[in-house]
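# Coordinate inspection notes
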Amino acid sequence: MSEKGKFGKYGGQFVPETVMNAVHELEDAYDRYKDDPDFKKELAFYYKEYANRPSLLYYAEHMTEDLGGAKIYIKREDLNHTGAHKINNVLGQILLAKRMGKKRIIAETGAGQHGVATATVCALFGLECCVYMGSEDVERQSLNVYRMRLLGSDVVPVSSGTGTLKDAINEAMRDWCTNIETTFYCIGSVMGPHPYPVMVRDFQKIISEEIKAQLMEKEVKLPDCVVACVGGGSNAMGAFYDFIGDESVRLVGAEAAGRGIDTPFHAATLTKGKYGIFHGMKSIFLQNEFGQIDPVYSISAGLDYPGIGPEHAYLWETGRAEYVDVTDEEAVTAFEYLSKTEGIIPAIESAHAVSVAMKIAPTMSKDQILVINLSGRGDKDVYSVGKYRGVDIENS
Amino acid sequence: MNRIDRCFADLKAKGKKALITFITAGDPDMETSKKAVLKMFDSGADIIELGVPFSDPIAEGVTIQKSSKRSLDGGTNLDMIFDLVVELRKETDKPLLLMMYINTIVAYGTEKFFTNCKDKGIDGVIVPDMPYEESGELKDEARGYGIHIINLVAPTSRDRIKKIASNSQGFLYCVSSTGVTGTRSTFTTDFESFFGAIGENAACPYCVGFGISSPEQAKKMSAYCDGVIVGSAIVRIMEEKGAQSIEAVGEFVKSLSEVM
C-alpha cells in the first residue's frame, strides 16, 4: 500500500473503483502543478486581486482588555471575497481543474460557504457548477442557496439520510462516479481520499503563513496560542499548519458540542467518535457499535459533520493539537459577544473558536498572544441565532 | 475448497455461466430474506450476495439506498445477518457472499468478522468502497480463514485492469459502466475492449454487474464473461411487494436463469 497521503494510520484512498483512476489523475495533476511557477503566479494573482488577500490580522483591543489576559488578534478570513476562508481552496482547485480540462464542477456544502465560493469561482471562469446540499441545510441557509443560484449554479437538495453535509457528500460522490470523465469534484474540506486532505490544506496554509508574517511585523514574535473551529477542519488546518513545527505554539480546535456531548445532539467527533473508514479516508467518526454513521447536530451547519480530516486525527492522536467542545449556547454567546465588543459579527462556526478564546485568554499572561482564526462572517447566521434567542426575524 | 471456487468449477464442467443475485439482508425482515435466498437458489441462482445495510451507501443508486434504509429501520445489524447465514446453512451449501462497506467491517473487528464468516458459512466478501490498492491488509487477514475478498474492476480502471485482474480470487466483479448500482436501459461501455483486457489477465472467473435488469440484458452480457450479477432489479421487487415478494422474485430469477 502506498504511504503517501497517510498521516500516521489516518488517510488513504477508500473510494469506489470507478473513481479510482480519477483520484490518481488528480494526484498526478496536483503533483505536477503545485510547484509550477505559472500555477503559483496565477493563484497568487487571484488571491490578491479577486479574493482580497492577505486578510487582515486585527488587534482586538476591547476583547483583550475585557478578558484581561493574553493579547488577542483576530485573523479576518471573514473579509475575503464571499465571506469565508473557503475561497482560498476553491481558487486553487478550480485553477487545477481548468488545467486538467474539466468543464463541469461539483461540490458539496453544509453552511453554504463552500458552495457559494465554488459557484462564485465557476461564474468567474465560466464553468458549469452543481452544488449538493442537504435538504435540512437548504432550509436553514436559504440566503446562501439564493446566492448560489444567483451565481448561476445548480443547487441540488439532498433528502436522503439525515439531509445534512454527510449526505450531500454521498450524493456528490455518486455524481462523480457517474460523470467521472467530465467532472471535477471540488471538495471543501481537508477530508476525502488522498490527495484532497493534502491539497486542501496546502491551499489553506496561506492563513498560518500570513499570521506568522503579520505577527512578526507587529509583535516580532510567534503567537502562544492559535484557536480555530473544526468541522471537517479546513480553516483550522490552514491556521495551524505553519505553526506545527513551532512547538511553543499551542494549537486548539473547537468542535461543535451542540446541545451537549452527553446528548445525541452534537458533532464532537474527536471527543465521542472512534476509528473508522468513511468518505475515502481512515479517520475518527461518530458511529454506532456496528459502524453505522451517527446523525449529528450543531446550530452551525458548517460544523455538523460526523468525521474529521485525517491530519487533524493525527495531530490529536500525537497530542500536537488539542480539541475542545463548544455548545450551541456558548457559541451563540460568543457570537453576541464579538458583535458587541469589536463590532464584528462572526460566522456561527467561527463563534465556536471565539468561545474557546474567551475561556483560554484569561488564563494566559498579558505578554502572551492568542490568535483567533475568524473563518467567516456571520450575516448568514443572523436569522438562526435570532431564532435560537426566540426572535423571528422574517415575520417580525 | 471454497464454495465459490467449487461452484465455478462445476459450472465450467457443464459449460454454464453463473447467475449471481443480490438482496439486502433484513429488507423488510430476516424471515423474508431467508425465504428469498432459498427461493432464488431453487430458481437457478448459483451464488447469492447478501447486502449488509449501511447508513451511507455511496456506491448505490436509489433502489438499494432505500432498501438499506428499510433494513436498518427494521433494526438489522451484522450479528443478525450472521444468524441468518447459520439458518441458511441448514438448508443450502451454495456460495454466500456479503456485500458491505468497509466501515462496518472495521467497527465489528476484522478478526471477529472473519472468524464469524468462516464459522457461519460465508465464502466471500465484496467491499465497494475499498479499491484494489487499499485491499492488501484485509486480503492477508481473509486468506487465513479461506474467505475470498472479491476485487472490482471498472471501465475507468484502464491501465490498472491488468494488475487488478491478475490478482483476483473467487471471481472478479466487473462493473458494467460508470455510475452507481441501479438499472440502465443502455450501456455505453466498449465491452469488447473492456472484457478483452480482463480476459487476458484474469486469474479467476469474471462476472459483470451494475445495471442488468432483464433476461435479454443478462443473456447479452453473459456472452462476454463467466456470469452476471443482478441486484437492483430484484431489490425493486422486494420494495414493491415486501414480505409477499417471494414468488415474484423466484419467477424473475428463473427467467434470468433460463436464458443463461
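In this text, all values refer to a predicted model and were calculated from it rather than measured experimentally.

Here the focus is the sheet that holds strand S5 (residues 104–109) of chain A. Residue and element names in this part refer to chain A. On the basis of which strands lie adjacent, the open sheet formed by 4 strands has the order S7-S6-S5-S8 and parallel pairing. Each end of this open sheet is capped by a strand with a single partner; those strands are strand S7 (154–158) and strand S8 (183–185). Direction aside, neighbouring strands of the sheet carry axes that sit 25 degrees apart on average. Lying over the sheet, helix H8 (residues 165–178) contacts S5, strand S6 (128–134), S7 and S8, oriented at roughly 160 degrees with respect to S5.

For the rest of this paragraph, the subject is the sheet that holds strand S4 (residues 71–76) of chain A. Strand pairing in a sheet takes place through backbone hydrogen bonds and is either antiparallel or parallel in direction. Residues and elements named next belong to chain A. Strand order in this open sheet of 6 strands is S3-S4-S14-S9-S10-S13, and the pairing throughout is mixed. Both outer strands of the open sheet, strand S3 (57–59) and strand S13 (321–327), are each paired with one neighbouring strand and no more. The average angle at which neighbouring strand axes cross in this sheet is 25 degrees, direction not considered. Sheet analysis places strand S9 (residues 225–229) next to strand S10 (residues 250–258), joined by 5 bridges and oriented parallel. Within S10, the residue paired with Cys-229 across the bridge is Ala-254. Packed on one face of the sheet, helix H10 (residues 206–219) meets S3, S4 and strand S14 (369–374) and runs near 135 degrees to S4.

Per the counting criterion, the structure on display carries 46 salt bridges over all chains. For Lys98(A), the salt bridge is made with Glu42(A), and the minimal N-O distance between the two is 3.8 Å. Within this pair, whereas Lys98(A) is found in helix H4 (residues 86–99), its partner Glu42(A) is found in helix H2 (residues 37–49), the two being separated by 56 residues in sequence. By relative accessible area, Lys98(A) is classed as partly exposed at 36%. Of the charged contacts, one joins Asp93(B) and Arg6(B) as a salt bridge, the two residues approaching to 2.9 Å between their closest N and O atoms. Here Asp93(B) is found in the loop between helix H4 (78–89) and strand S3 (96–99), whereas its partner Arg6(B) is found in helix H1 (residues 3–14), with 87 residues between them in sequence.

Contact with chain A, which involves 36 residues of that partner, is made by 40 residues of chain B. For the pairing of chain A and chain B, the buried interface totals around 3,100 Å² over both sides, and the portion due to carbon and sulfur atoms is 52%. There are 5 salt bridges connecting chain A and chain B. One salt bridge connects Asp56(B) with Lys166(A), and the closest N-O pair in it is separated by 2.6 Å. Applying the counting criterion to the chain A and chain B interface returns 19 residue pairs in polar contact (both at pLDDT 80 or more).

Let us look at the packing of aromatic side chains. The relation between two aromatic rings is expressed through the spacing of the ring centres and the mutual angle of the planes. Here the structure, examined in full by the defined rule, presents 26 aromatic pairs over all chains. Summarising the aromatic geometry, the rings of Tyr46(A) and Phe125(A) are spaced 5.2 Å apart at their centres and angled 70 degrees between planes, so their arrangement reads as edge-to-face. Here Tyr46(A), found in helix H2, pairs with Phe125(A), found in helix H5 (residues 113–125); they are 79 residues apart in sequence, far enough to count as distant. Tyr46(A) sits in the buried class, given a relative accessible area of 17%. Residues Phe113(B) and Phe114(B) carry aromatic rings whose centres are separated by 5.1 Å and whose planes lie at 65 degrees to one another, so their mutual orientation is edge-to-face. The exposure class of Phe113(B) is buried, given its relative accessible area of 0%. In this structure an aromatic cluster arises from ring pairing among Phe290(A), Phe82(B), Tyr108(B), Phe113(B), Phe114(B) and Tyr145(B). Residue placement shows Lys71(A) over the ring face of Tyr59(A); its charged tip is 5.1 Å from the ring centre. The ring of Tyr108(B) has Lys112(B) sitting right over it, with the charged end atom 4.1 Å from the ring centre.

What counts, and where the lines are drawn
- Residues numbered from 1 in each chain as written.
- Chains lettered and ligands numbered in written order.
- Predicted model: local features only at pLDDT ≥ 70, side-chain atom pairs only at ≥ 80, totals over all residues.
- Heavy atoms only, no water.
- Pairing = 2+ DSSP bridges.
- Helix = DSSP H or I, 4+ residues; strand = E, 2+ residues; numbered from the N terminus.
- Axes fitted to C-alpha atoms, helices over the stretch in contact; angles between N-to-C directions.
- Contact = heavy atoms within 4.5 Å.
- Salt bridge = Lys/Arg side-chain N within 4 Å of Asp/Glu carboxyl O.
- Buried < 20%, exposed > 50% of the residue type's maximum accessible area, 1.4 Å probe, protein only.
- Buried area = accessible area lost by both parts, 1.4 Å probe.
- Polar contact = N/O pair within 3.5 Å; in protein donor to acceptor, adjacent residues only side chain to side chain.
- Phe/Tyr/Trp six-rings, centres within 6.5 Å; stacked < 30°, edge-to-face > 60°.
- Lys NZ or Arg CZ within 6 Å of the ring centre and 35° of its normal.

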